[in-house]
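Per-entry structural report
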Amino acid sequence: MIKRENKKAQTTLFIIIAIVIVVLAVLIYTFYPKIKSTLAGTSTNPYQYMQTCMGDDTTKSIELLSTQGGSINPEHYIVYNSDNIEYLCYTNENYKTCVMQQPMLKNHVEQEIKKNMQSKADSCFSALQKDYQNQGYQVNLKSGEMSVELLPKRVVISFNNSMVITKGETKTYDKFKIVLDNNLYELIGIVNSILNWEARYGDAETTLYMDYYHDLKVEKKKQIEGSKIYILTDRNTGNKFQFATRSVAWPAGY
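Residues numbered from 1 in each chain as written. Predicted model: local features only at pLDDT ≥ 70, side-chain atom pairs only at ≥ 80, totals over all residues. Heavy atoms only, no water.

Moving on to the pattern of salt bridges. Side chains that differ in sign of charge can pair as their charged atoms come close. Counting across every chain of the model gives 10 salt bridges. The shortest N-O distance in the salt bridge between lysine 220 and aspartate 203 comes to 2.8 Å. With lysine 220 in strand 8 (residues 216–222) and aspartate 203 in the loop between helix 4 (184–201) and helix 5 (206–212), this pair connects stretches of sequence that are 17 residues apart. With a shortest N-O distance of 3.4 Å, aspartate 203 and lysine 228 are connected by a salt bridge. Here the residue aspartate 203 occupies a position in the loop between helix 4 and helix 5, and lysine 228 occupies one in strand 9 (residues 227–234), the gap between them amounting to 25 residues. Residue classification places aspartate 203 among the partly exposed residues on the basis of a relative accessible area of 30%. For lysine 228, a relative accessible area of 6% corresponds to the buried category. (Salt bridge = Lys/Arg side-chain N within 4 Å of Asp/Glu carboxyl O. Helix = DSSP H or I, 4+ residues; strand = E, 2+ residues; numbered from the N terminus. Buried < 20%, exposed > 50% of the residue type's maximum accessible area, 1.4 Å probe, protein only.)

Spelled out as structure tokens, the structure:
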């Protein structure tokens, strides 16, 4: 009888231990990332902090202006599939070739991204500073100029900011950069080529570009009043750039 009681007690103990282990495993799995984040601090790598803080918003900003002809808030545009698509080459006269509306398109797009992301950048640097201060650091943050560059296969946002943190030892961080994988640079190069054809001859042959760039899809949607919507799509990434032109247009009815 005593042995049976001991076995029952041991079995009960093993069951309790097993339950405790399972519960601990679940708790660790659920809360460990948060615990780790709290212990390490979210600003252990300030460069990665800024990349994470700004990355998604910058991507959305690029996607928006790419569907609108390169502008966040187009002023001279045509509505197509609910998108306000800016005219990059335009004339309101019939039979005449269009005039370039954004002759420095790459620079224009860079400035549009900068203007749209400046507020977010300030907010991220402020949050980064507060994060370090909450961990007991003394922080000296100096703001600097923000610049945007479209480069082959990537978009780079650079900051001339510097941050000095002190807690026991002093560390200095500068040359902050946000880098996004995006072929907007290449797409704009092709857009400029199409615009040159539109400005000189009143039209562009889309198949020529697809024959040369096998990963590129180029569509041309003609509108009733003479406008054309060009849609460039990278078949691999899905990145898209669309814009409008009106050149050598015919009167309604022809």
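Taking 1.5 Å of rise per residue, 21 residues should cover 30 Å, and helix 2 (residues 46–66) covers 29 Å from first to last C-alpha, within 8% of that figure. Bending of helix 2 peaks at approximately 40° at the position of glycine 55. The complete set of buried residues in helix 2 reads Pro46, Tyr49, Met50, Met54, Gly55, Thr58, Ser61, Ile62, Leu65 and Ser66. Contacts made by the buried residues of helix 2 are with helix 3 (105–134), strand 6 (154–167), strand 7 (169–181), helix 4 and strand 10 (240–246). For helix 2, the N-terminal cap is asparagine 45; the gap from its side-chain oxygen to the backbone nitrogen of tyrosine 47 is 3.1 Å. (Expected span 1.5 Å × (residues − 1). Bend = angle between axes of the 7 residues up to and from the residue. Contact = heavy atoms within 4.5 Å. Polar contact = N/O pair within 3.5 Å; in protein donor to acceptor, adjacent residues only side chain to side chain.)

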